Amino acid sequence: MSIQRPLIELLLRWQVKGKFRKNPDVQLLRPIMKQMEPRVSKLPKDITAEPLSLGGVPAEKLTASEPRQEAAFLYIHGGGFVGGSPLTHRPLTWRLARDIGIPVYAIDYRLAPEHKYPAGLDDCVAAYKGLLDMGIAPSAILVGGDSAGGNLTLTLALRLKAEGLPQPAGLVCLSPATDMTGSGASRHENADSDALFVAEMMDSLEAVYCPGGDEKDPFLSPLFGDLAGLAPTFIQVGEKEMLRDDSTLMADALQKAGVETTIEVWPKVWHVWQLNADMLPEAREAIAHIVAFARRRLG
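Residues numbered from 1 in each chain as written. Predicted model: local features only at pLDDT ≥ 70, side-chain atom pairs only at ≥ 80, totals over all residues. Heavy atoms only, no water.

Undergrad: Could you give an account of the sheet that holds strand β7 (residues 233-238), naming the residues involved and the relevant values?
TA: If you trace the eight strands from one edge of the open sheet to the other, you get β1-β2-β4-β3-β5-β6-β7-β8, paired in mixed fashion. Edge strands, defined here as strands with exactly one partner in the open sheet, are β1 (48-54) and β8 (261-266). Each adjacent strand pair in this sheet contributes to an overall mean axis angle of 20 degrees, direction not counted. As defined by bridge partners, β7 adjoins β8 across six bridges and the pair is classed as parallel. Paired with G238 across the two strands is W266, which belongs to β8. Lying over the sheet, helix α4 (residues 119-133) contacts β1, β2 (57-63), β3 (72-76), β4 (104-107) and β5 (141-146), oriented at roughly 170 degrees with respect to β3. Contacts from helix α5 (residues 148-162) reach β3, β5 and β6 (170-174) within the one sheet, and its direction differs from that of β5 by about 140 degrees. (Pairing = 2+ DSSP bridges. Helix = DSSP H or I, 4+ residues; strand = E, 2+ residues; numbered from the N terminus. Axes fitted to C-alpha atoms, helices over the stretch in contact; angles between N-to-C directions. Contact = heavy atoms within 4.5 Å.)

Next comes the structure, spelled out in structure tokens:
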């Protein structure tokens, strides 16, 4: 492990977990992530960010030099369904655009509590259809996301299946939230080791995102969906985070449904550590694994 890892973890515990200990409300993620934007949104000179509408959904298209324009990576940012933006996730998305060699379309879907479920999921479906309308073949599309965006990646795939639309070439899920019931043991076992969150914060999510919803609705908790026929899936998660079992249980369910699934459980890292790629070698290594999966799926 790198010398940077423990230093960054200490900083996160102070800056993020300390705030959730005082006020365990998922809605704190919005101001926390908004404060991140000026620091993390800077792009290298060889990366272009173009604002556009994708199926009626605001997005930015990130490209490096000479991309394969006939392919696309639809990226769905995390942030507890209440925060985050394409800007907060640029340390990851620009690297995907550069290293895979295809445009990354990072969508700015509607957030709760102003726009409750299924608004955000509807935007993801509309954006995917927007790529199809551009003439991009499903076999040349990757869909990925982290945390809440990982949930939306999987529920998007379930919606595509329900609507009779083609699956993408592959799904990438980084520490996805897959189980609104919180049945995984890691929700409590890792409450102290998780560098970012406290258990009570997880309990505040449902009232904000899907009040009165069925926790086992597959479009809220993809763990309980009919997963047969979904695209090959690549999952990364941290061993010490509270959402670890959301990933391990999801991977097991996907494999049992016959879906080609790869899961990596990384030691000593935190929730969506890939966003710390500007400073953290482990994040850049994890992104290299994502890139390898993407290249295999795109041939």
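Undergrad: Pulling in residues and values, what's your account of the pairing of β1?
TA: In this sheet, β2 lies alongside β1 in antiparallel orientation, the contact comprising seven bridges. Within the sheet, the bridge partner assigned to L54 lies in β2 and is V57. Counting the residues in the hairpin turn of β1 and β2 gives two residues, including G55, whose phi is positive at 65 degrees.

Undergrad: Talk me through the side chain of E241; I want residue IDs and the actual numbers.
TA: Inspection of the secondary structure assignment puts E241 in the loop between β7 and α9 (244-256). A polar atom in the side chain of E241 sits 2.8 Å from the backbone nitrogen of G238. Among residues more than four places away in sequence, those in contact with E241 are S175, S186, N190, D194, W270, H271 and V272. (Polar contact = N/O pair within 3.5 Å; in protein donor to acceptor, adjacent residues only side chain to side chain.)

Undergrad: Please set out the nonpolar core residue by residue, giving values where relevant.
TA: Within the largest apolar cluster, 98 residues are counted, with the highest numbers of intra-cluster contacts made by F73, L74, L96, I107, L156 and Y209. Ignoring any residue separated from it by four or fewer positions in sequence, one finds L156 in contact with L74, I76, L121, C124, V125, Y128 and V143. (Core = buried A, V, L, I, M, F, W, Y, C linked by side-chain atoms within 4.5 Å. Buried < 20%, exposed > 50% of the residue type's maximum accessible area, 1.4 Å probe, protein only.)

Undergrad: Help me get a handle on the pattern of salt bridges, residues and values and all.
TA: Counted according to the given criterion, the structure contains 18 salt bridges. In this structure, the salt-bridge partner of R90 is E60, at a minimum N-O distance of 2.8 Å. Taken together, the residues span a long stretch of sequence, with R90 in helix α3 (residues 90-100) and E60 in strand β2 at a distance of 30 residues. When sorted by exposure, R90 lands in the same class as E60, which is buried. Members of the salt-bridge network, linked through shared partners, are R5, E9, R13 and K240. (Salt bridge = Lys/Arg side-chain N within 4 Å of Asp/Glu carboxyl O.)

Undergrad: How would you sum up the environment of D179? Please name residues and give values.
TA: Counting through the fold element by element, D179 comes out in the loop between β6 and α6 (186-189). Spatially, the C-alpha atoms of D179 and S247 are 9.3 Å apart, while their sequence positions differ by 68 residues. Look past the residues within four positions of D179 in its chain and what remains in contact with it is G184, R187, S221, L223, F224 and D246.

Undergrad: Residue-level account of the packing of aromatic side chains, with values.
TA: For the structure on display, the rule yields six aromatic pairs. Between the aromatic rings of F81 and Y209, the centroid separation amounts to 3.8 Å while the plane-to-plane angle is 15 degrees, which identifies the pairing as stacked. Here Y209 lies in helix α8 (residues 205-209) and F81 lies in the loop between β3 and α3, a separation of 128 residues in the sequence. When its relative accessible area of 2% is taken as the criterion, F81 is described as buried. By relative accessible area, Y209 is classed as buried at 3%. Pairing W266 with W273 gives two aromatic rings, centres 5.4 Å apart and planes at 45 degrees, and the pair type is tilted. Accessibility classification places W266 together with W273 in one group, the buried group. Through a chain of ring-to-ring contacts, three or more aromatic side chains come together here, namely F81, Y117 and Y209. (Phe/Tyr/Trp six-rings, centres within 6.5 Å; stacked < 30°, edge-to-face > 60°.)

Undergrad: How would you explain unusual backbone geometry if you had to name every residue and give the values?
TA: That bond from A112 to P113 is cis: its omega, 5 degrees, falls within 30 degrees of zero. In this model, Y117 is joined to P118 through a cis peptide bond whose omega is 10 degrees. Relative to the assigned elements, P118 resides in the loop between β4 and α4. Positioned with a positive phi, V272 is a non-glycine residue whose angle comes to about 50 degrees. Among the structural elements, V272 can be located in the loop between β8 and α10 (281-298).

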